[in-house]
Amino acid sequence: GPLNGAHRNTESATLGYAVTRTIQVNGSVGHEDLLYKGNTPFRFDGLTWNLGVKLLPNPDSSISIGYGSHEGRNSASLDATYAPSARIRLSAQYSEAVTTGQEELAQTLANSDVNSFGQSIDHRTGIPLTAGDNFLGAQTAPARIRRFSGVITLLRDRDVYSLTLLRDETHYFAAISGPSAGPATSSTGISAGFAWQHSFSEAMNGNAYIQYGTRSSGAPTSITQQTVTASLGLSYAFSPTLSGRAQYSYNGTLGGGNALAPSYQQNLITVGLHKSF
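Source: prediction; values computed, not measured. (Residues numbered from 1 in each chain as written. Predicted model: local features only at pLDDT ≥ 70, side-chain atom pairs only at ≥ 80, totals over all residues. Heavy atoms only, no water.)

Novice: Quick one: what's the story with the packing of aromatic side chains, residue by residue and with numbers?
Specialist: The geometry of two aromatic rings is summed up by the distance between their centres and the angle between their planes. This model, assessed by the stated rule, comprises four aromatic pairs. Pairing Y161 with F194 gives two aromatic rings, centres 6.4 Å apart and planes at 25 degrees, and the pair type is stacked. Within this pair, whereas Y161 is found in strand β10 (residues 159-172), its partner F194 is found in strand β11 (residues 186-199), the two being separated by 33 residues in sequence. Classification of F194 by relative accessible area gives partly exposed; the value is 37%. Both rings, one in Y236 and one in F238, keep their centres 5.2 Å apart while their planes meet at 70 degrees; by these two values the pair is edge-to-face. Take Y236: its relative accessible area is 36%, and that puts it in the partly exposed class. Above the plane of the ring of F277 lies K275, whose end atom (NZ or CZ) is 5.5 Å from the centre. (Phe/Tyr/Trp six-rings, centres within 6.5 Å; stacked < 30°, edge-to-face > 60°. Helix = DSSP H or I, 4+ residues; strand = E, 2+ residues; numbered from the N terminus. Buried < 20%, exposed > 50% of the residue type's maximum accessible area, 1.4 Å probe, protein only. Lys NZ or Arg CZ within 6 Å of the ring centre and 35° of its normal.)

Next comes the structure, spelled out in C-alpha cells:
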C-alpha cells in the first residue's frame, strides 16, 4: 500500500529551560524528509521548528502547549492533564499530522496500556481505546489529520467515571493517476463516550463503556455514518499470580443505505486467563 517505498527521516535538536519550578520553555529545530508513494503521493523535504511552554501547576498536572512547522505546514499542539482537586482530572489533546491508517494503528498501540480490569486504555488519559477507523473502514491512504480529545474523569473510592469527547478532521490527498484521480476527499467525525469502572472487592473488578459517534465525508461522494460502541467486562484475581477476565463488546454502524458505507453489527466475546511467575 502507501507504505511501500515510503520513508520518514527526521533530525532535531531541542533545548529546554526551567524559568521557575512550574514553568518550562523549550524550542527545537530540525529537518524532515517524508515520502509516501502510490496513487495519492505526498512529499516534504525541509526544515522543522517548534516553540513551546510546559506548565506544572501541581504534582498531578502537566500542560504542554506548542506551535511550530512540520510536514510542510504550521500547526499548534496541546497535551494537558489538570487536576483541580484530588478526585477530578481534566485532560485534553490536540494534534495535526500527516499519517496513514497503518501508522495510526501503530501509534494507538504505542500509547496503549492495560488497566487492572484487563481493558485496553490510553495511558495518557485512562480512557478505553477505540480504533480510529471504526466508521468508514480501514483508510490506508496518506492524509492530514487534525484531532482533538477531551476527558473529564471523576475518581471515587471504588468507582471511576469518565466522559470523553473526540473530534477529528481527515483530509486525504488528491489522486493524480488511475481511476480514482480527481479532487481530494475529506471527512469529519465526532463522538462522545462514557466509561465506568467499579471495584466490587479486592479481587473482582468490572467496567462498562458506551460511545456514540457520527462521521460525514464530503465531495465527490457524500456519506454519513452513525456508530455505537459498547462493552462490558469483569476481571477476577484467583490468586496473587492468577487472574481471569471476560468481556463483551458490540460495534454497530448505520450507513444510511449508501452502498459505499454499508450498515453492519459486530459482537465480540473475550475470555482469558493471565498467569505470572
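Novice: Can you explain the environment of Y248? Please cite residues and give values.
Specialist: Note that Y248 resides in strand β14 (residues 242-254). Look at Y248 and you get partly exposed, because its relative accessible area is 35%. Residues Y248 and A230 lie 18 residues apart in sequence; the distance between their C-alpha atoms is 8.3 Å. Aside from chain neighbours lying at most four places away, what touches Y248 is A230, S231, L232, N267, L268 and I269. A distance of 2.5 Å separates polar atoms of two side chains, one belonging to Y248 and the other to N267. (Contact = heavy atoms within 4.5 Å. Polar contact = N/O pair within 3.5 Å; in protein donor to acceptor, adjacent residues only side chain to side chain.)

Novice: An account of the pairing of strand β4 (residues 62-70) is needed here, citing residue identities and associated values.
Specialist: Pairing of strand β3 (residues 42-55) with β4 involves seven bridges; the strand directions are antiparallel. Note on β4: the bridge partner recorded for K54 is S64. With antiparallel pairing between neighbouring strands as the criterion, β3 and β4 make up a hairpin whose turn holds six residues. Counted along the chain from β4 to the antiparallel partner strand β5 (residues 73-85), the turn is two residues long, and its residue E71 has a positive phi close to 55 degrees. (Pairing = 2+ DSSP bridges.)

Novice: So what's going on with the side chain of T227? Which residues, and what values?
Specialist: In this fold, T227 is placed in strand β13 (residues 223-239). In this structure the side chain of T227 is engaged in a polar contact, spanning 3.3 Å, whose partner is the side chain of T253.

Novice: Before we move on, could you go through the environment of D79 and cite the residues and values that matter?
Specialist: Along the polypeptide, D79 turns up in strand β5. Given the relative accessible area of 34%, D79 is considered partly exposed. Once the C-alpha coordinates of D79 and G66 are considered, the two residues, 13 residues apart in sequence, prove to be 9.0 Å apart. Polar side-chain contacts of D79 include one of 3.3 Å to the side chain of Q93.

Novice: Describe the nonpolar core, with residues and values.
Specialist: Counting residues in each nonpolar core, the largest one holds six residues, listed as L34, Y36, F42, F44, V98 and F173. For this core, the secondary-structure elements that each account for two or more residues are β2 (23-36) and β3. (Core = buried A, V, L, I, M, F, W, Y, C linked by side-chain atoms within 4.5 Å.)

Novice: An account of the pattern of salt bridges is requested, with residue identities and associated values reported.
Specialist: Evaluated as defined, the whole model comprises 13 salt bridges. D33 is paired through a salt bridge with R43; the nearest N and O atoms lie 3.1 Å apart. One end of the pair, D33, is in strand β2; the other, R43, is in strand β3, with 10 residues separating them in the sequence. Take D33: its relative accessible area is 15%, and that puts it in the buried class. A salt bridge links D157 to R87; its shortest N-O distance comes to 2.8 Å. Within this pair, whereas D157 is found in the loop between β9 (143-155) and β10, its partner R87 is found in the loop between β5 and β6 (88-99), the two being separated by 70 residues in sequence. (Salt bridge = Lys/Arg side-chain N within 4 Å of Asp/Glu carboxyl O.)

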